[in-house]
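One-letter residues, chain by chain:
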Amino acid sequence: MSYKCVERGRLNTTDYRVFITDKDWKAISPFHDIPLYSNAETKECNMVVEIPRWTNHKMEICKEEVLNPIKQDVKSGAVRFVKNCFPHHGYIWNYGALPQTWEDVGHTEPTTGTRGDNDPLDVCEIGQVVHKRGSVIQVKILGVMCLVDEGETDWKVICIDVNDPLAPELNDIDDVEKHMPGFIKATREWFTVYKIPDGKPANKFAYNGEAKNREFALKVIEETNHQWQRLVGSGEAIRGEISCKNVTVEDSPYHIDSSETKIIVEQAAPAGAPEALPSSVDKWYYIPPSAL
């Protein structure tokens, strides 16, 4: 299955949205309607790219809006950007989510004692290509890290585009250090420090910051897929304000006809030229050792 993007609103503003469509330009939910596995036998997954590498826009699948378009996070009425924590510039991987996964707020991770963060699984794709926002790519799962973010479990899956030149060489997490020395360390550092310029403390990792292997990561993915199934299927999970409307999960009580989705996209703000980036986006921030 191939997917396309439809942009609405103006980039760098609160009305910007990226809707995902199928090959026939029918809008779908990237959270609920894209299959988790692109190849169930090999456990290759679909990944929704929310944030291209080297960019600063804090984009995410909007759980609360119908069809769950990608939008920029907003705080105090302004769109948010991550800071450049020297020597890193923006996000250091293509960052996104695995569809049809959900970290259940009602689930307590036994190894950490923390609850799920109410989001799809976060994914760091470490290949060479800078993928466009809204791309749906196929990835090989390599491992996972467990960030404990403000008391919540926040898994970070490490993966690589199946078409990347290095993909044949990377089959488990240890292969990353072998072929990309320093990359896991840089990833751990990035997640540790990226909130410090906003006045927050350094983030902490479970497992002493260790990146767990592919087998461990696949178990996390399976578990969060089951949690998603409960969210859109039986309705037993705590939904809160999450929109579970979908066009492909036939037995879901939130299933809608695809004819309704055209209206939703048409009601979004019209596409327009991007707003200028704030000059502060290019600023370097230096993290003193005392902050760690």
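Before reading on, note that the structure itself is shown above.
Calculation rules
Residues numbered from 1 in each chain as written. Predicted model: local features only at pLDDT ≥ 70, side-chain atom pairs only at ≥ 80, totals over all residues. Heavy atoms only, no water. Core = buried A, V, L, I, M, F, W, Y, C linked by side-chain atoms within 4.5 Å. Buried < 20%, exposed > 50% of the residue type's maximum accessible area, 1.4 Å probe, protein only. Contact = heavy atoms within 4.5 Å. Phe/Tyr/Trp six-rings, centres within 6.5 Å; stacked < 30°, edge-to-face > 60°. Helix = DSSP H or I, 4+ residues; strand = E, 2+ residues; numbered from the N terminus. Lys NZ or Arg CZ within 6 Å of the ring centre and 35° of its normal. Salt bridge = Lys/Arg side-chain N within 4 Å of Asp/Glu carboxyl O.

Novice: Any chance you could explain the nonpolar core here in plain terms?
Specialist: In summary, soluble globular proteins display a tendency toward joint burial of nonpolar side chains. Ranked by size, the top nonpolar core spans 50 residues in total, and within it Trp93, Ile126, Val176, Trp190, Phe191 and Leu231 carry the most contacts. Excluding residues that lie within four positions of it along the chain, Leu231 makes contacts with Phe31, His32, Trp102, Ala237, Arg239, Ile242, Cys244 and Tyr254. Leu121, Ile141, Ala206 and Ala217 belong to the second largest nonpolar core, which has 21 residues in total.

Novice: Could you clarify how one ought to interpret the packing of aromatic side chains in this entry?
Specialist: Each aromatic ring pair is characterised by the separation of its centres together with the angle its planes make. All told, the structure shown has 15 aromatic pairs when counted by the stated rule. Measuring from ring centre to ring centre gives 6.4 Å for Tyr95 and Phe191, while their planes differ by 50°; the resulting arrangement is tilted. With Tyr95 in strand β11 (residues 94–98) and Phe191 in helix α2 (residues 183–193), this residue pair connects regions lying 96 residues apart in the sequence. Of the two residues examined, Tyr95 and Phe191, each falls in the buried class. Measuring from centroid to centroid gives 6.2 Å for Phe191 and Tyr194, while their planes differ by 80°, and the two rings are edge-to-face. Tyr194 shares its class with Phe191; the two are buried. Positioned over the ring face of Tyr37 is Lys43, at 4.8 Å from the centre of the ring. A cation over an aromatic ring shows up here: Lys212 above the ring of Tyr207, its NZ or CZ 4.9 Å from the ring centre.

Novice: Would you mind showing me how to read the pattern of salt bridges here?
Specialist: On inspection of all chains with the given rule, the structure shows 14 salt bridges. Note that Lys83 is salt-bridged to Asp198, the shortest N-O span being 2.6 Å. Taken together, the positions of Lys83 in the loop between β9 (78–79) and β10 (84–85) and Asp198 in the loop between α2 and β17 (204–205) put the pair 115 residues apart, joining distant regions of the chain. Where Arg230 meets Asp104, a salt bridge forms, and the shortest distance between an N and an O atom there is 2.9 Å. In this pair, Arg230 sits in helix α3 (residues 214–234) while Asp104 sits in the loop between β11 and β12 (108–109), placing the two residues 126 residues apart along the sequence.

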